[in-house]
Amino acid sequence: MLKRLSFVFIGFFILTSMIYQPNLNAKHSEFLESIVFPVKNIMSHFYDDWGEIRGNGKRIHEGIDIRAQKGSPIVAIADGRINTISYSESSGYYIAIDHQNGWLSLYVHLDDDINGNDNLGGRDTAFADGIYLGGEVVAGQTIGYVGDSGNADGTVPHVHFEVRYMGKSYDVYDYIKSSWERFERFIKFPKKLGINLF
Ligand SMILES: [Zn+2]
């Protein structure tokens, strides 16, 4: 009987750990609960498009696209160190910040245009001054600008924003939404909140 019970218990444990594995534990959410909204533009728009099927069914969208006027400042969601600052054909100009607690944030498709949609920009239009590989950044610091570089060329300008823990991407829609609400309150009703958003 006892053996059977322990089997049931172990089975229950395995099942619950399987169910809860994709969720974030308390320690994780502590970091995510204090993040700064990644785009400094009140007219930003996003929805929970994490996990959408893209590329004619070929890939899963492991990020959230935040649409905003081209050139809007993109800011670091938390303190950290620039882990990647680069260009690729598909991502265009992109930046990753290592928050040195297992978390990494990624900002993709930064601005590569000078006028309209000319793709004549470069590192200067994509990245903010003083941003370099290995450099330290603080929460709310401008790191780059919204655009449509890479395979986003000609789409509505947006930053593909992604948060990874130990290399694995998570749907952080709820946390982005909360950070947006703090940002909106700060912009629309700018009383001292006791928190430094920008
Ligand atoms: Zn995206």
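Residues numbered from 1 in each chain as written. Predicted model: local features only at pLDDT ≥ 70, side-chain atom pairs only at ≥ 80, totals over all residues.

Quick look at the environment of Lys-168 now. Looking at the secondary structure, you find Lys-168 in strand β11 (residues 168–170). For Lys-168, a count of 11 C-beta atoms within 10 Å gives the class exposed. Taking the C-alpha atoms as reference points, Lys-168 and Leu-104, separated by 64 residues in sequence, lie 9.4 Å from one another. (Helix = DSSP H or I, 4+ residues; strand = E, 2+ residues; numbered from the N terminus. Buried ≥ 20, exposed ≤ 12 C-beta atoms within 10 Å, placed from the backbone.)

Here we come to helix α4 (residues 173–188). Under the 1.5 Å per step criterion, the end-to-end length of α4 is 22 Å for 16 residues, consistent within 8% with the ideal 22 Å. Listed as buried for α4 are Tyr-175, Ile-176, Ser-179 and Phe-183. For α4, the arc enclosing every buried residue in end-on projection is 100 degrees, short of the 170-degree limit, so these residues lie on one face. In α4, the exposed residues that point more than 90 degrees away from the buried face are Glu-181 and Lys-188. (Expected span 1.5 Å × (residues − 1). Arc of directions from axis to C-beta.)

For soluble globular proteins, nonpolar side chains are generally found buried alongside one another. In this structure, Ile-74, Tyr-107, Leu-110 and Val-159 are the most contacted members of the largest nonpolar core, which totals 39 residues. Counting residues per element, the ones that place at least two in this core are β3 (64–67), β4 (73–75), β6 (92–98), β7 (103–110), β9 (142–145), β10 (158–165) and α4. Looking at this core element by element, the count peaks at 6 residues for β7. Setting aside its immediate chain neighbours within four residues, Val-159 contacts Pro-38, Val-39, Ile-66, Ile-74, Tyr-107, Val-108, His-109 and Val-146. (Core = buried A, V, L, I, M, F, W, Y, C linked by C-beta atoms within 7 Å. Contact = placed C-beta atoms within 7 Å.)

Note on placement: Ser-86 falls in strand β5 (residues 80–88). A sequence separation of 47 residues divides Ser-86 from Leu-133, and the C-alpha atoms of the two residues are 9.2 Å apart.

Of all 8 residues in β10, 6 are buried, a share of seventy percent or more. With 4 bridges connecting them, β3 and β10 associate as antiparallel partners. Bridge pairing links Ile-66 to Val-159 in β10. Taken together, the 3 bridges between β10 and β11 define a ladder with antiparallel strand orientation. Paired with Val-163 across the bridge in β11 is Tyr-170. Between β10 and β11, which pair antiparallel in sequence order, lie 2 residues; one of them, Met-166, sits at a positive phi of approximately 50 degrees. (Pairing = 2+ DSSP bridges.)

A few words on the pairing of β6. In terms of residue burial, β6 counts as a mostly covered element, since 5 of its 7 residues are buried. Across 7 bridges, β5 lies against β6 in antiparallel orientation. Across the sheet, the residue bridging to Ile-82 is Ile-97, located in β6. Counting the residues that bridge the hairpin from β5 to β6 gives 3 residues.

Right, let's get into unusual backbone geometry. Most of the time, phi is negative for any residue but glycine, and the peptide bond is trans. Phi at Asn-56 takes a positive value of approximately 55 degrees, unusual for a residue other than glycine. Inspection of the secondary structure assignment puts Asn-56 in the loop between β1 (53–54) and β2 (59–60). Located in the positive-phi region is His-109, a residue other than glycine, with phi close to 75 degrees. With respect to the secondary-structure elements, His-109 resides in strand β7.

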